[in-house]
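# Tertiary structure, described
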Amino acid sequence: MREKNLSITDAPEVDAAWLRAFRRRVLAWYDKHGRNLAFRNTRDPYHIWVSETMLQQTTVAAVLPYYERFIARFPNVESLAAASEHDVLRLWEGLGYYSRARNLHAAARSIVSDHAGCFPQTAAGLASLKGIGRYTAGAIASFAFDVPAPIVEANTLRLYCRLLAYRGEPRSTAGQQRLWSFAERIVPRKHAGRFNHALMDLGATICTPRDPKCDACPVRANCAAFARNIQNEVPAAKARPAITEVTEAYVALRRNGKILVRQREAGERWAGLWDFPRYELPAEMAVTCPPLGAGDPRQKRLALHDETPSGPVDFLQSQLRQQTGIEAEIAKPFAEIRHGVTRFRIRVICYAARYEKGSTKQNAALRWVSPGDFASLAFSRPGRRLAELLLAAEA
Ligand code: SF4
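Residues numbered from 1 in each chain as written. Predicted model: local features only at pLDDT ≥ 70, side-chain atom pairs only at ≥ 80, totals over all residues. Heavy atoms only, no water.

### Quick look at the overall build of the protein
Let me state the cut-off plainly: Going along the chain from the N terminus, every DSSP run of H or I of four or more residues is numbered as a helix, and every run of E of two or more is numbered as a strand. A 1.4 Å probe rolled over the protein chains alone gives each residue an accessible area, and that area as a share of the maximum for its type sets the label: buried under 20%, exposed over 50%, partly exposed in between. Note on contacts: a residue pair is in contact if any heavy atoms of the two residues lie within 4.5 Å. Areas reported as accessible are Shrake-Rupley estimates using a 1.4 Å probe. Residue values count occlusion only from the protein chains shown. Counting rule applied: Lys, Arg positive; Asp, Glu negative; His and chain ends not counted. Lys charges are placed at NZ, Arg charges at CZ, Asp charges at CG and Glu charges at CD.
Within the protein one finds 15 helices and seven strands. Projecting the C-alpha coordinates of the protein onto the three principal axes gives extents of approximately 80 × 50 × 35 Å. By the burial criterion, 50% of the 395 residues in the protein qualify as buried. Long-range pairs, those at least 24 residues apart, make up 70% of the contacts in the protein with a sequence separation of at least 6. Accessible area of the protein: about 19200 Å², with a carbon and sulfur share of 50%. Of the charged side chains in the protein, 56 are positive and 39 negative; the average position of the first set lies 4 Å away from that of the second.

### Digging into the site of the ligand
The cut-off we apply is this: For this description, a residue counts as near a given molecule or strand if any of its non-hydrogen atoms is within 4 Å of it. In this classification, Asp, Glu, Lys and Arg are treated as charged, Ala, Val, Leu, Ile, Met, Phe, Trp, Tyr, Cys and Pro as nonpolar, and every other residue, Gly included, as polar.
Around the ligand, the structure places L159, R162, I206, C207, P212, C214, C217, R220, C223, F226 and Q231. Grouping the amino acids of the shell around the ligand by side-chain chemistry returns eight nonpolar, one polar and two charged.

### Section: the pairing of strand β2 (residues 258–263)
This is how it is decided: In this scheme, strands are said to pair when DSSP sees at least two bridges between them.
Relative to β2, strand β1 (residues 244–255) runs antiparallel, the two sharing two bridges. Across the sheet, residue R254 finds its bridge partner in β2, namely I259. Here β1 folds back onto β2, and the loop between the two strands holds two residues, one of which, N256, carries a positive phi near 50 degrees. Where β2 meets strand β7 (residues 366–369), four bridges bridge the pair, whose relative direction is antiparallel. Counterpart to L260 in the pairing with β7 is W368. The sheet contact formed by β2 and strand β3 (residues 274–275) spans two bridges and is antiparallel. Paired with R262 across the two strands is D275, which belongs to β3.

### What to know about the environment of K258
Summarising the element assignment, K258 is placed in strand β2. Residues K258 and R381, spaced 123 residues apart in sequence, show a C-alpha to C-alpha distance of 20 Å.

### What to know about the nonpolar core
Rules: Here, the term nonpolar core denotes a set of buried Ala, Val, Leu, Ile, Met, Phe, Trp, Tyr and Cys residues that are joined through side-chain atoms within 4.5 Å.
If you look at the biggest cluster of nonpolar residues, it comprises 107 residues, and the most contacted ones within it are Y46, W49, F70 and F276. Once residues within four sequence positions are removed from consideration, W49 is found in contact with V77, L80, L104, A107, A108, I111, F119, I132, T136 and I140. The next biggest cluster of nonpolar side chains, apart from the first, holds 21 residues, and it includes V251, Y279, M285 and I330.

### Quick look at the pattern of salt bridges
Heads up, the rule is: A carboxyl oxygen of Asp or Glu within 4 Å of a side-chain nitrogen of Lys or Arg is what we treat as a salt bridge.
Using the criterion set out here, one finds 20 salt bridges in the structure. A salt bridge links D146 to R43, with the shortest nitrogen-to-oxygen separation between them at 3.7 Å. Of the two residues, D146 is situated in the loop between α8 (134–145) and α9 (154–164) and R43 in the loop between α1 (16–33) and α2 (45–55); the sequence distance between them amounts to 103 residues. Note that R345 and E245 form a salt bridge whose closest N and O atoms lie 2.7 Å from each other. Taken together, the positions of R345 in strand β6 (residues 344–357) and E245 in strand β1 put the pair 100 residues apart, joining distant regions of the chain. A relative accessible area of 43% places R345 in the partly exposed class. Taken together, the salt bridges that share partners define one network made up of E248, R264, D275 and R278.

### Some details on the environment of W180
Structurally, W180 is set in helix α10 (residues 173–186). Under the relative-accessibility criterion, W180 is labelled buried at 7%. A C-alpha to C-alpha distance of 18 Å links W180 and A16, two positions 164 residues apart in sequence.

### Let's talk about the packing of aromatic side chains
Working definition: an aromatic ring pair is given by the centre-to-centre distance plus the angle between the planes. How we decide: Stacked, tilted and edge-to-face are the three classes assigned to paired rings of Phe, Tyr and Trp, where Trp is represented by its six-membered ring and a pair needs centres within 6.5 Å; plane angles under 30 degrees give stacked, over 60 edge-to-face, the rest tilted.
With the rule as written, the count across this model stands at 14 aromatic pairs. Ring centres of W18 and F182 lie 6.1 Å apart, and the angle between their planes is 70 degrees; this geometry places the pair in the edge-to-face category. One end of the pair, W18, is in helix α1; the other, F182, is in helix α10, and 164 residues separate them in sequence. Here W18 matches F182 in class, with each residue buried. Their ring planes at 90 degrees and their centres at 5.7 Å tell us that F374 and F379 sit as a pair that is edge-to-face. Of the residues examined, F379 reaches a relative accessible area of 0% and is grouped as buried. These aromatic residues form a ring-pair network of at least three members: W18, F22, Y160, F182 and F195.

### Considering the confidence of the model for the protein
The following threshold applies: One confidence number per residue, pLDDT, is output by the predictor and ranges from 0 to 100.
Taken over all residues, the pLDDT of the protein has a mean of 91, while the share at 70 or more is 91%. This model gives residues 1–9 a pLDDT under 50, and the stretch forms 16 contacts once residues within four places in sequence are excluded. For the stretch residues 295–308, pLDDT sits under 50, and the model shows 35 contacts to residues farther than four places along the chain or on other chains.

### Quick notes on helix α5 (residues 85–92)
For α5, the set of buried residues is H86, V88, L89, L91 and W92. Where the residues of α5 are buried, they touch α2, α3 (60–73), α4 (77–82), α6 (99–114), β2 and β3.

### Observations concerning the packing of α2 against α8
Selection criterion: Throughout, an axis means a line fitted to C-alpha atoms (over the contacting stretch in the case of helices), and angles, computed between N-to-C directions, take values from 0 to 180 degrees. When the near helix sits turned anticlockwise from the far one by under a right angle, the crossing is termed left-handed; a clockwise turn instead gives a right-handed crossing.
Orientation of α2 relative to α8, taken along the N-to-C sense of each, is 145 degrees, at an axis distance of 9 Å. Like other packed secondary-structure pairs, α2 and α8 cross with a definite hand, here right-handed. Facing P45, I48, W49 and E52 of α2, the residues of α8 in contact are Y135, T136, A139, I140, F143, A144 and F145. Per-class residue counts for the contact of α2 with α8 are nine nonpolar, one polar and one charged.

### Re the side chain of E52
For E52, the position within the fold is in helix α2. For the buried E52, no salt bridge exists, and the shortest N-O distance to an oppositely charged side chain is 6.2 Å, to R40. Residues contacting E52, with those up to four places away along its chain left out, are Y135, T136, A139, F143 and M200.

Listed below in structure tokens is the structure:
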């Protein structure tokens with residue numbers, strides 16, 4: 001039975017013998033137990049860059065189909081650079097964090113125009129490209145070119161904290177300095193790509209956030225947290241931000257069988273994606289909206305609700321007029337869509353509306369679209385849900 005107060009220093013002595021044993025154990029374990037991921041079977045920096053960018057904030061399972069579609073459509077950096085931003089966003093739709101897609105596109109153009117289509121081969125050169133941070137630079141440099149570049153991402157951050165029995169806040173400036181300097185110290189001069197993959201897999205499959213599988217861990221002899229029996233206490237738990245409830249309204253405005261859509265502007269969430277006119281409801285109106293059934297894209301008819309609170313109707317008419325210049329008759333709410341974005345839990349009440357007067361000709365961000373053409377547009381996630389509802393209602 002190990003004791004929590006075993007008399008060892010907080011951090012292990014990372015000397016040459018420690019490093020040799022650690023690297024040997026890590027690489028031997030990886031040869032037998034490394035994950036066989038589709039996007040691993042390549043040394044192509046473009047493919048590695050796309051997969052690593054998609055994997056930020058997103059699980060492997062969610063990324064795989066997106067990665068395959070993206071590479072099939074844009075097989076190299078030249079094809080990505082030549083694409084329109086809207087086409088890139090359409091393929092990214094549903095993955096979230098769309099600035100990743102916009103940065104990928106901008107960096108592809110820079111690689112083609114400023115680097116003759118060739119990726120820089122150092123972590124520093126890669127990090128000079130838009131959207132490529134220290135982790136992604138290290139991943140591309142080591143996976144594609146075997147450059148001994150360190151990495152710290154969610155899995156390795158947890159692994160390093162435990163190896164070092166690091167009790168501080170790992171995302172603080174001091175914590176980041178400590179972990180990056182440890183990552184620099186341990187990365188070998190040869191086989192850096194395999195080594196970094198191995199560390200990530202070890203974190204993902206053995207040194208898991210809860211109940212790490214220390215009995216199966218190849219580096220438990222190197223692990224200060226294991227020696228002190230504090231592996232479930234480090235890293236320190238992240239404080240969760242308080243959830244904020246928000247109520248918004250969609251206006252599904254109809255004119256001659258077409259629906260008004262709006263492209264979100266720079267600076268707005270989901271910039272560049274299409275959406276329906278959408279407004280946050282003031283708190284006093286939000287509470288008067290009756291709860292409606294969640295929108296079901298499979299339903300054939302949109303069930304109109306009997307009660308129509310008048311406050312939101314006047315408010316939405318005025319908002320729509322100010323934003324689009326269009327006068328409309330707002331009818332009853334017919335559906336409700338719920339979704340979450342970072343710390344916001346959002347309820348969107350969907351109102352049907354009928355066009356009365358006004359022109360959208362001067363505004364390129366507004367377009368009248370038949371529901372049958374919604375598939376060609378890149379929508380925000382809730383926008384796609386409403387598009388599916390409206391399309392189903394046509395059937
Ligand atoms: Fe993680 Fe346990 Fe291995 Fe330490 S011994 S690295 S806590 S799995």
